[in-house]
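Structural overview
Chain by chain, the residues:
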Amino acid sequence: MNKSLTVADIFTKAVQVEQKGAHFYREVAARLADPVKAALIEELARMEEAHEATFSALLGQLGEEPGLAAPPGAGPAREDLAEWSDGEVFDFHLDLVLGLTGRETLPEILRKAIQMEKESIVFYLWVQELVDDPVARSRVSRIVNQEFQHISRLNRELKSLLPSGSIESHVL
């Protein structure tokens with residue numbers, strides 16, 4: 001694949017990542033019987049929506065801000081990202097909710113969410129390197145830090161389920 005992504009392509013994919021994450025969290029929250037745990041997951045959905053708004057705003061500024069371009073020499077990195085985003089490494093069209101059967105335990109859901117957040121971080125770290133504008137780069141960096149915080153929250157929640165004995169007994 002010899003396609004190079006534009007900055008608009010990159011931010012469009014970032015918007016898709018956040019939409020997928022928010023959709024996943026909302027669906028999971030709707031399935032949880034525990035209102036406290038559902039509220040935690042809903043909060044993560046709102047954070048993903050805030051990230052989506054940030055990337056949408058950056059996308060909207062592309063015509064106004066000539067500095068929103070990739071740094072010199074970023075061509076091969078853009079081609080690599082384009083290749084990765086064809087569905088084999090980052091699948092931007094996969095609906096994560098479709099993979100849920102309704103029989104997942106809460107720890108299984110939390111592990112899936114942690115994996116989703118890790119993949120977002122890998123993608124955003126790459127995006128951060130491909131964007132030359134310091135304001136845009138700073139916004140992406142802030143989102144990366146927030147995604148790390150999401151992992152910490154999810155991990156704490158996962159660990160809180162471990163002492164009860166069998167973690168598989170916590171069914172949605």
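Residues numbered from 1 in each chain as written. Predicted model: local features only at pLDDT ≥ 70, side-chain atom pairs only at ≥ 80, totals over all residues. Heavy atoms only, no water.

1. A look at the pattern of salt bridges
Oppositely charged side chains can form a pair if their charged atoms are brought close together. This structure, assessed with the given rule, holds five salt bridges. Across the pair Glu 42 and Arg 26 runs a salt bridge, and its minimum N-O distance is 2.1 Å. With Glu 42 in helix α2 (residues 35-61) and Arg 26 in helix α1 (residues 7-31), this residue pair connects regions lying 16 residues apart in the sequence. Overall, Glu 42 belongs to the partly exposed group, its relative accessible area being 24%. For Arg 26, a relative accessible area of 28% gives the class partly exposed. Here Lys 37 makes a salt bridge to Glu 157, at a shortest N to O gap of 3.0 Å. Here Lys 37 is found in helix α2, whereas its partner Glu 157 is found in helix α5 (residues 134-161), with 120 residues between them in sequence. Connected through shared salt-bridge partners, Arg 26, Glu 42 and Glu 49 make up one network. (Salt bridge = Lys/Arg side-chain N within 4 Å of Asp/Glu carboxyl O. Helix = DSSP H or I, 4+ residues; strand = E, 2+ residues; numbered from the N terminus. Buried < 20%, exposed > 50% of the residue type's maximum accessible area, 1.4 Å probe, protein only.)

2. Looking at the confidence of the model for the chain
Averaged over the chain, the pLDDT score is 76; the fraction of residues at 70 or greater is 70%. Residue range residues 165-172 is modelled with pLDDT below 50. Its contacts to residues more than four positions away, or to other chains, number 23 contacts. (pLDDT = per-residue confidence, 0-100. Contact = heavy atoms within 4.5 Å.)

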